[in-house]
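Remarks on the overall topology
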Amino acid sequence: MELTDRGARVGTAGFVLARLLLEPPSQALAENFGDPQMRTTWPLRDDQSLAALDALAPDTYEELVRDHLRMFRRPPRVALHESAWRSADTDPAALRATLRDQYERAGLRPLPTDDHVAHQLTLLAHLATLIGRAAAIDELTTARAHARTAVQFRSAHLDGMIGGILSGVDEHARTRLYRAVPSLVRGFLSAHAALCTATLTPS
């Protein structure tokens with residue numbers, strides 16, 4: 001049951017954080033982060049996540065939309081596409097095709113078609129959920145296969161750029177919510193790595 005619960009909690013956090021990078025939050029999500037009682041329901045309770053949550057306070061919805069657009073849209077202050085962090089000789093079309101194939105094989109729906117970091121976080125969240133579901137029915141071989149996929153994907157794609165992205169958000173975010181995002185993402189990635197390690201460690 002431990003892997004089942006951990007997979008569900010890590011997956012839930014990852015889906016929410018990916019959404020915050022892909023587009024401005026919905027008004028309901030913004031209100032939840034601004035509400036101290038709702039913040040106690042955040043699924044991850046590590047020190048980084050708790051410190052970020054403790055620093056939160058309500059932002060106006062208009063401020064959040066402006067902050068997202070100012071940081072991530074044209075011209076972006078923080079690049080969120082993997083191709084922007086790759087060497088100049090990287091073929092963006094080939095990179096997108098590689099990612100699309102990995103998303104499709106993992107069963108991610110709707111199927112992303114670009115190299116945005118939010119889709120990569122969504123894949124990790126999806127795999128965490130699959131680990132939990134497989135563990136719930138004692139399909140540990142399947143759970144370990146999902147964990148190996150996640151570890152390999154992070155090494156090949158996300159790990160090379162996420163530090164720079166989060167540092168950029170640290171530098172440019174103006175709203176309380178987006179200032180909290182880097183620590184929340186770091187908490188998610190640490191929890192995800194721990195989940196994979198626990199899944200792959202023989203019992």
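Our subject is the structure listed above.
Keep in mind that what you see is a predicted model, and the values were worked out from it rather than measured. (Residues numbered from 1 in each chain as written. Predicted model: local features only at pLDDT ≥ 70, side-chain atom pairs only at ≥ 80, totals over all residues. Heavy atoms only, no water.)

1. Considerations on the packing of helix α7 (residues 92-106) against helix α8 (residues 117-136)
Between α7 and α8, whose axes approach to 11 Å, the crossing angle comes to 20°. By the criterion of interaxial angle, the relationship of α7 to α8 is roughly parallel. The two elements α7 and α8 meet at a crossing, and its hand is left-handed. Residues Leu99, Tyr103 and Ala106 of α7 touch α8, and the partners they reach there are His119, Gln120, Leu123, His126, Leu127 and Leu130. (Axes fitted to C-alpha atoms, helices over the stretch in contact; angles between N-to-C directions. Helix = DSSP H or I, 4+ residues; strand = E, 2+ residues; numbered from the N terminus. Parallel < 35°, antiparallel > 145°, perpendicular 65-115°, else oblique. Left-handed = near helix turned anticlockwise from the far one by under 90°. Contact = heavy atoms within 4.5 Å.)

2. A look at the pattern of salt bridges
Applying the stated criterion across every chain yields a total of nine salt bridges. Arg105 is the salt-bridge partner of Asp101, the closest N and O atoms lying 2.9 Å from each other. Note that Asp101 and Arg105 are positioned in helix α7 at a spacing of four residues, about one turn of the helix. Accessibility expressed as a relative area gives 38% for Asp101, which makes it partly exposed. (Salt bridge = Lys/Arg side-chain N within 4 Å of Asp/Glu carboxyl O. Buried < 20%, exposed > 50% of the residue type's maximum accessible area, 1.4 Å probe, protein only.)

3. Digging into helix α5 (residues 61-72)
Between the first and last C-alpha of α5 there are 17 Å, a value that for twelve residues agrees with the 16 Å anticipated at 1.5 Å per step. Restricting attention to buried positions, one finds in α5 the residues Leu64, Asp67, His68, Arg70, Met71 and Phe72. In this structure, the buried residues of α5 make contact with α1 (2-22), α2 (27-34), α10 (162-172) and α11 (176-200). (Expected span 1.5 Å × (residues − 1).)

4. Thoughts on the packing of aromatic side chains
Aromatic ring pairs are described here by two measures, namely the spacing of the ring centres and the angle between the planes. Within this structure, the stated rule accounts for three aromatic pairs. Ring centres 6.1 Å apart and planes at 70° place the aromatic pair Phe72 and Tyr178 in the edge-to-face group. Of this pair, Phe72 sits in helix α5 while Tyr178 sits in helix α11, and the two are 106 residues apart along the sequence. Pair check on accessibility: Phe72 and Tyr178 agree, each one buried. Arranged with centres 6.3 Å apart and planes meeting at 50°, the rings of Tyr103 and Phe153 form a pair that is tilted. You can see Tyr103 sitting in helix α7 and its partner Phe153 sitting in helix α9 (residues 140-156), a full 50 residues away along the chain. Here Phe153 falls in the buried class, since its relative accessible area comes to 2%. (Phe/Tyr/Trp six-rings, centres within 6.5 Å; stacked < 30°, edge-to-face > 60°.)

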